[in-house]
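A structural walkthrough
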Amino acid sequence: MENFSFVNPVKILFGKGTIGQIKGEIPAGDKVLVVYGGGSIKKNGVYGQVADALSGYEVHEFPGIEPNPQYETCMKVVALIKEKGIDYLLAVGGGSVIDAVKFIVAAVYYEGGDPWEILSKDAEIKKALPFGAILTLPATGSEMNGNSVISRAGIQEKLSFASPLVYPKFSVLDPTTTYTLPPRQVGNGVVDTFVHITEQYLTHYEGDSMLQDKLFEGLLKTIVAEGPKALETPTDYDVRANLMWASTWALNGWFGNGRPQDWATHMIGHELTAFYGLDHGQTLAIVLPGVMKVMWKSKFEKIRSLGCEVFGVCGADQASTVDKTIKAVEDFFEAMGVKTHLSDYGLDEEAIDKVCKRMEERRWKLGECDDITPDMIREILTLRR
Ligand code: NZQ
Ligand code: ZN
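Rules of the game
Residues numbered from 1 in each chain as written. Chains lettered and ligands numbered in written order. Predicted model: local features only at pLDDT ≥ 70, side-chain atom pairs only at ≥ 80, totals over all residues. Heavy atoms only, no water. Phe/Tyr/Trp six-rings, centres within 6.5 Å; stacked < 30°, edge-to-face > 60°. Lys NZ or Arg CZ within 6 Å of the ring centre and 35° of its normal. Core = buried A, V, L, I, M, F, W, Y, C linked by side-chain atoms within 4.5 Å. Buried < 20%, exposed > 50% of the residue type's maximum accessible area, 1.4 Å probe, protein only. Helix = DSSP H or I, 4+ residues; strand = E, 2+ residues; numbered from the N terminus. Salt bridge = Lys/Arg side-chain N within 4 Å of Asp/Glu carboxyl O. Contact = heavy atoms within 4.5 Å. Pairing = 2+ DSSP bridges. Expected span 1.5 Å × (residues − 1). Arc of directions from axis to C-beta. Donors = N, O, S within 2.8 Å, 3.2 Å for Na, K, Ca; no water. Near = heavy atom within 4 Å. Polar contact = N/O pair within 3.5 Å; in protein donor to acceptor, adjacent residues only side chain to side chain. Areas by Shrake-Rupley, 256 points an atom, 1.4 Å probe, with all protein chains shown as cover. Nonpolar A, V, L, I, M, F, W, Y, C, P; charged D, E, K, R; others polar. Domains from an automatic or database assignment.

Here we look at the packing of aromatic side chains
Tallied over the full model, the rule gives 17 aromatic pairs. In this structure, K127 is placed above the aromatic ring of Y109, and the distance from its NZ or CZ to the ring centre is 4.3 Å.

Some words on the nonpolar core
The biggest cluster of nonpolar side chains holds 39 residues, and the ones touching the most others in it are L33, V35, V77, I81, L89, F103 and I104. If one sorts the elements of this core by residue count, helix α4 (residues 95-107) sits on top with nine residues. Listed in part, the 37 residues of the second largest apolar core include V195, L243, L284 and F300.

Brief notes about the pattern of salt bridges
Counting across every chain of the model gives 23 salt bridges. D213 is the salt-bridge partner of K302, the closest N and O atoms lying 3.1 Å from each other. Here D213 lies in helix α7 (residues 210-232) and K302 lies in helix α11 (residues 296-311), a separation of 89 residues in the sequence. Neither residue differs from the other here; K302 and D213 are each classed as buried. A salt bridge links K299 to D262, with the shortest nitrogen-to-oxygen separation between them at 2.6 Å. Of this pair, K299 sits in helix α11 while D262 is found in the loop between α8 (237-250) and α9 (264-276), placing the two residues 37 residues apart along the sequence. As far as the burial class goes, K299 and D262 line up, both buried. When salt bridges that share partners are traced, they join E157, E271, R358 and R362 into one network.

Here's the deal with the side chain of S151
By secondary structure assignment, the location of S151 is in strand β6 (residues 147-152). Contact partners of S151, with chain neighbours within four places excluded, come to N68, P69, Q70, Y71, E157 and K158.

A closer look at the pairing of strand β2 (residues 31-36)
The element β2 is extensively covered by neighbouring structure, given that five of its six residues are classed as buried. Pairing analysis gives five bridges linking β2 to strand β3 (residues 58-62), with the strands arranged parallel. Bridge pairing in β3 places K31 opposite E58. Note: β2 against strand β4 (residues 88-93), five bridges, orientation parallel. Within β4, the residue paired with V34 across the bridge is L90.

Points about helix α13 (residues 349-362)
Helix length check: α13, at 14 residues, gives a terminal C-alpha distance of 20 Å against a target of 20 Å (1.5 Å per residue), a fit within 8%. Residues of α13 that are buried: A351, I352, V355, C356, R358, M359 and R362. All buried residues of α13 lie within an arc of 160 degrees about the axis, which places them on one face of the element. Across α13 from its buried face, at more than 90 degrees, point the exposed residues E350, K357 and E361. Those residues of α13 that are buried are in contact with β7 (157-162), α9 and α14 (374-383). Two residues or fewer after α13 comes R363, characterised by a positive phi angle close to 60 degrees.

What about the coordination of the zinc ion (ligand 2)?
Coordination sphere of the zinc ion (ligand 2), protein contribution only: D192 (OD), H196 (NE2), H266 (NE2) and H280 (NE2), at 2.0 to 2.2 Å. Written as a sequence motif, the donor arrangement for the zinc ion (ligand 2) is D-x3-H-x69-H-x13-H. Taken together, the residues H266 in helix α9 and H280 in helix α10 (residues 280-294) connect sequence positions 14 residues apart. Each of the two residues, H266 as well as H280, counts as buried.

Some remarks on the site of ligand 1
As a structural note, the neighbourhood of ligand 1 is formed by 32 residues, with G38, S40, G95, S96 and D99 the closest of them. In this structure, N147 approaches ligand 1 through a main-chain N or O atom, which is 3.1 Å from a nitrogen atom. In the environment of ligand 1, an oxygen atom lies 2.7 Å from a nitrogen or oxygen atom belonging to the side chain of H196. Its free accessible area being 970 Å², ligand 1 has 89% of it covered by the protein chains. Those elements that place two or more of their residues in the shell around ligand 1 are α4, β6, α6 (183-201) and α9. For the shell around ligand 1, the residue count by class is eight nonpolar, 21 polar and three charged. Each of domain 1 (11-177) and domain 2 (183-382) contributes no fewer than three residues to the shell around ligand 1.

Below you can see the structure in the form of structure tokens.
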């Protein structure tokens, strides 16, 4: 196991009816800005619960954060914060709203030129406003990590940043808020959670971090068992609770400590969203099976563990083990309603060319061994036509 030092400061308020507890978390007298998305929280009662919990505070609101949150929208919120003298933000929604708020709280204090530099130049964040989160879509882990992904449609970019200063002070995880998720978002969320785990588990490492591997396998088994049930019985509390807690653990940083991590599937997937607007989960469902196929030699031991431990498929030899496991992963994604090929989304060679050209320009080294070249990315995507 590699050395590590790690802290995760996010306080979790988990369970039915916990939105009301936010009152105790936000300093009395603070001016609060509630930031949310396109209105799902008004249809499912979350908005009303938040309004009740914030009675007594001076509350402002900003609706309209898009899925794959846009830089320009975030900058409108920055202007509103300065105008109103806001002290504390509350992100209410899925990963997009929480990620947007992370960028906003850092951009408010950014002293360089354009806050876009936080994303494009990895510019240092020295200060950020405090914020809390109320999660309504289990998927990204954003509720308990310091990462954020922001898009800029005008230049077809989707970039991420991370800072210890943008962890939420608290996050409310009330599984009942997820009952109203459309099947598409349930599927996206389960695929995203699955791939967060495989990015940290499906690597060349073997044997040196058994505890982390077994914890990840527990998460994978949980979502493989519970994901389809969430589609069948959307108001089963325990199913929703298991999925919500699993997605938080998949990317709160703890289990990934001490071992190498891949993240190639995410990096390639982000370009598909930047160019073609696909949902984050959709891009991952396309790319992961290709990464498994092209990188199978260095990942073989973990692919075998995934197949045998999680899906109960073990081949007679290496080749059949790899093929059976990839098929099991694809079948699972499809069972969650998330299509796994570029053609399912109307994409063809042109998309492959565009992503590969972008990857050449970026000169990023992908994979846990920094050995996935642009040519290999072409191979990965060509397998996924
Ligand atoms: O905007 P509203 O009306 O709220 O509707 C949303 C949105 O249309 C809807 N929704 C959310 N909760 C709902 C609901 N509808 C009904 N009932 C509910 N309870 O779902 C739609 C999608 O929401 P979004 O927040 O975009 O989805 P998700 O949570 O999957 O977030 C995706 C974003 O997170 C980034 C992705 O790249 C993408 O931009 N990621 C962030 C990460 C992180 N911060 O660590 C890691 C991830 O790998 C990912 O990259
Ligand atoms: Zn993701």
